[in-house]
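Structural overview for review
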Amino acid sequence: MRDEMRELLASWRAVPAFLCDRHFTVVASNTAASAVSPAFVEGTNLARFAYLEPDVDRNHAMWPEASSQVAALLRESLDEHEADPSFHTIVGELSAQSRDFSIAWADDARTAKTRGVVPFDETPVGPIVLAYQLLTVPGDDRDVLFVWHPVDDGSREALRQLLALLEE
């Protein structure tokens, strides 16, 4: 199924999208998604990126919401699947290295959202605000597909400019 998803994602040239496994590691990503954020490059674990990447702006007004969402997604995935060594490693590493993660992880009243809005302030063309929709992919892997779209005309134009840069 992942090979089929890779082909689908590649065909969505103007739609940022990526596929994550149950540990929220990006297993497939299209060029548009990778251009929006380095967090969306194949092989990146979203939780590690959010909490441990030194270039993430933890003073941004959206940081508490976005980081709590990442922890809630990881927790719900763990609740849905049996714990395995990879889950223990990720949660242990993040708990030991990030106080923010420990606080968010302890908030088990927080539920993950299947949609939301995220501003990307540091793209090569300036800020882009995108909304996402999370979709569970049928199959044994229970992967999650993130599909993004601009929330307004300014973001639509900025995304168009960013994608044009990739074609140069």
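As a starting point, this report considers the structure included with it. Computed from a prediction, not measured in an experiment: that's the story for all the values here. (Residues numbered from 1 in each chain as written. Predicted model: local features only at pLDDT ≥ 70, side-chain atom pairs only at ≥ 80, totals over all residues. Heavy atoms only, no water.)

Counted at 1.5 Å a residue, the expected span for helix α7 (residues 153-167) with its 15 residues is 21 Å, and the 21 Å between its end C-alpha atoms agrees. Taken as a whole, α7 has its buried residues at Ser155, Ala158, Leu159, Leu162 and Leu163. For α7, the angular spread of buried residues about the axis comes to 135°, placing them on one side. Turned more than 90 degrees away from the buried face of α7 sit Asp153 and Glu167, all of them exposed. On its buried face, α7 is in contact with α2 (31-36), β4 (126-136) and β5 (144-150). A side-chain oxygen of the first residue of α7 lies 3.3 Å from the backbone nitrogen of glycine 154; this N-cap is aspartate 152. (Helix = DSSP H or I, 4+ residues; strand = E, 2+ residues; numbered from the N terminus. Expected span 1.5 Å × (residues − 1). Buried < 20%, exposed > 50% of the residue type's maximum accessible area, 1.4 Å probe, protein only. Arc of directions from axis to C-beta. Contact = heavy atoms within 4.5 Å. Polar contact = N/O pair within 3.5 Å; in protein donor to acceptor, adjacent residues only side chain to side chain.)

Counting residues in hydrophobic clusters, the biggest one holds 43 residues, and the most contacted among them are Phe18, Phe40, Leu46, Tyr51, Leu74, Phe146 and Trp148. Broken down by element, this core gets its largest block of residues, 6 residues, from helix α4 (residues 63-80). Ranked by size, the runner-up nonpolar core spans 9 residues in total, among them Leu9, Ala17, Leu19 and Val147. (Core = buried A, V, L, I, M, F, W, Y, C linked by side-chain atoms within 4.5 Å.)

According to the stated counting rule, one finds 12 aromatic pairs in the structure shown. Between phenylalanine 18 and phenylalanine 40, the ring centres sit 4.4 Å apart and the planes meet at 25°, which makes this aromatic pair stacked. Residue phenylalanine 18 is found in strand β1 (residues 17-20), and its partner phenylalanine 40 is found in the loop between α2 and α3 (46-52); the two are separated by 22 residues along the sequence. Owing to a relative accessible area of 0%, phenylalanine 18 belongs among the buried residues under this scheme. Taking the centre distance of 6.4 Å and the plane angle of 80° together, the rings of phenylalanine 24 and phenylalanine 146 count as edge-to-face. Residue phenylalanine 24 is found in the loop between β1 and β2 (26-29), and its partner phenylalanine 146 is found in strand β5; the two are separated by 122 residues along the sequence. As far as the burial class goes, phenylalanine 24 and phenylalanine 146 line up, both buried. Each member of the aromatic cluster is reached from another via a ring pair, and the members are Phe18, Phe24, Phe40, Phe120, Tyr132, Phe146 and Trp148. The ring of tryptophan 63 carries the charged tip of arginine 58 above its face, separated from the ring centre by 5.2 Å. For arginine 75, the ring lying beneath its charged end belongs to tryptophan 105, and the centroid distance is 5.5 Å. (Phe/Tyr/Trp six-rings, centres within 6.5 Å; stacked < 30°, edge-to-face > 60°. Lys NZ or Arg CZ within 6 Å of the ring centre and 35° of its normal.)

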